[in-house]
Amino acid sequence: MKIIQFEERYRQDFIDFNTDWIVSNFGFLEKHDIETFEKIDDELRKGAMIFFAVENDTALAACMAMPMSETTWEICKLASNKNVPHKGAGSAVFKTSMDWALEHGAQRLFILSNSKLKPALHIYKKFGFKEVKLDNYEYVRGDIAFEYKA
């Protein structure tokens, strides 16, 4: 398995992994999801990066690091290929996304999630993220948030 930066040939995998994961867990995509998928190129131009865990030209998992401000970045859209065994692929792309954001000026990393997503919550905590309370979780499905301070 290798971790690579965004390549056009894996764009649809990023969208499909996330769409499948969101719909299977919550029933529908939200406006923010669709906007992210439609604006991948815009976000990449602003400094975001999507990382893929790839083996034998098959994407196993993906994760995005996206600037929210000069010093705060969101780690988002962590999802995996449900059709292929991929032990460690999610953790690998997540950690690489964290490193990218920190190397590009992030002093704070931020995640919105849902408390029922135990495997994802485990990854966040494993890499040092701490839960924070918000007044507005932005997504209908959002009920928990995390941050990591460099």
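As a convention, each chain's residues are numbered from 1 in the sequence order in which they are written. Whole-chain, interface and lining totals are the exception, using all residues; otherwise, since this is a predicted model, local features are given only for residues with pLDDT of at least 70 and side-chain atom pairs are given and counted only at 80 or more. Heavy atoms from the whole structure form the basis of all side-chain values; hydrogens and water molecules are not counted.

Engineer: Quick question: what am I supposed to make of the layout of surface pockets here?
Structural biologist: One simple way to see leftover space: roll a probe sized like a water molecule over the atoms. Grid points spaced at 1 Å over the protein atoms alone were grouped into cavities, where a 1.4 Å probe fits but cannot get out, and pockets, open sets with protein on both sides within 12 Å along at least five of seven lines, with lining residues defined by an atom within 4 Å of a point. Grid points are joined across faces, edges and corners, and a volume is the space filled by probe spheres set on the points. Approximately 560 Å³ is the volume found for the largest pocket. If you list the elements that add at least two residues to the lining of the largest pocket, you get helix H1 (11-26), strand E3 (58-67), strand E4 (72-80), helix H4 (89-103), strand E5 (108-113) and helix H5 (118-126). Top element by residues in the lining of the largest pocket is E4. It accounts for seven residues. Grouping the constituent residues of the lining of the largest pocket by class yields 19 nonpolar, nine polar and four charged. Numbering of helices and strands runs from the N terminus; a helix is a DSSP stretch of H or I covering at least four residues, while a strand is a stretch of E covering at least two. For the lining of the second largest pocket, the elements supplying multiple residues, two or more each, are helix H2 (31-38), E4 and E5. Asp, Glu, Lys and Arg are counted as charged, while Ala, Val, Leu, Ile, Met, Phe, Trp, Tyr, Cys and Pro are counted as nonpolar; the rest, among them Gly, fall into the polar class. Split into classes, the residues belonging to the lining of the second largest pocket amount to six nonpolar, two polar and seven charged.

Engineer: Is there a simple way to think about the packing of aromatic side chains in this case?
Structural biologist: Centres within 6.5 Å are what make two rings of Phe, Tyr or Trp a pair, Trp counting through its six-membered ring; a difference in plane orientation under 30 degrees is then read as stacked, over 60 as edge-to-face, and the rest as tilted. Counted by the stated rule, this structure contains 10 aromatic pairs. Taking the centre distance of 6.1 Å and the plane angle of 90° together, the rings of Phe14 and Phe37 count as edge-to-face. Note that Phe14 is positioned in helix H1 and Phe37 in helix H2, a separation of 23 residues in sequence. Take Phe14 and Phe37: they sit in the same class, and that class is buried. Ring geometry for Trp21 and Phe26: centres 6.1 Å apart, planes at 70°, overall edge-to-face. Among the residues examined, Phe26 registers a relative accessible area of 18% and is labelled buried. Taken together, Phe94, Tyr124, Phe127, Phe129, Phe146 and Tyr148 form an aromatic cluster joined through their ring pairs. For a Lys NZ or an Arg CZ to count as sitting over a ring, it must be within 6 Å of the ring centre and within 35 degrees of the ring normal. For Lys116, the ring lying beneath its charged end belongs to Phe26, and the centroid distance is 4.9 Å. Buried means the residue's accessible area, taken with a 1.4 Å probe over protein chains only, is under 20% of the maximum for its type, while exposed means over 50%, and partly exposed covers the values in between.

Engineer: Even after reading the chapter, I still don't get the side chain of Arg141, so can you show me in this structure?
Structural biologist: Along the polypeptide, Arg141 turns up in the loop between strand E6 (130-132) and strand E7 (144-149). Owing to a relative accessible area of 13%, Arg141 belongs among the buried residues under this scheme. If we skip the residues at most four places from it in the chain, Arg141 touches Ile22, Phe26, Glu30, Asp33, Lys77, Ser113 and Asn114. A contact between two residues is defined here by any heavy atoms of the two lying within 4.5 Å.

Engineer: So what exactly am I meant to see when it comes to the confidence of the model for the protein here?
Structural biologist: The predictor's confidence in any single residue is recorded as pLDDT, a number from 0 to 100. The share of residues in the protein with pLDDT of 70 or more is 100%, and the mean pLDDT across the chain is 95. H5 is the least confidently modelled element of the protein, averaging 92 in pLDDT, while strand E1 (residues 2-5) averages 98, the highest of any element.

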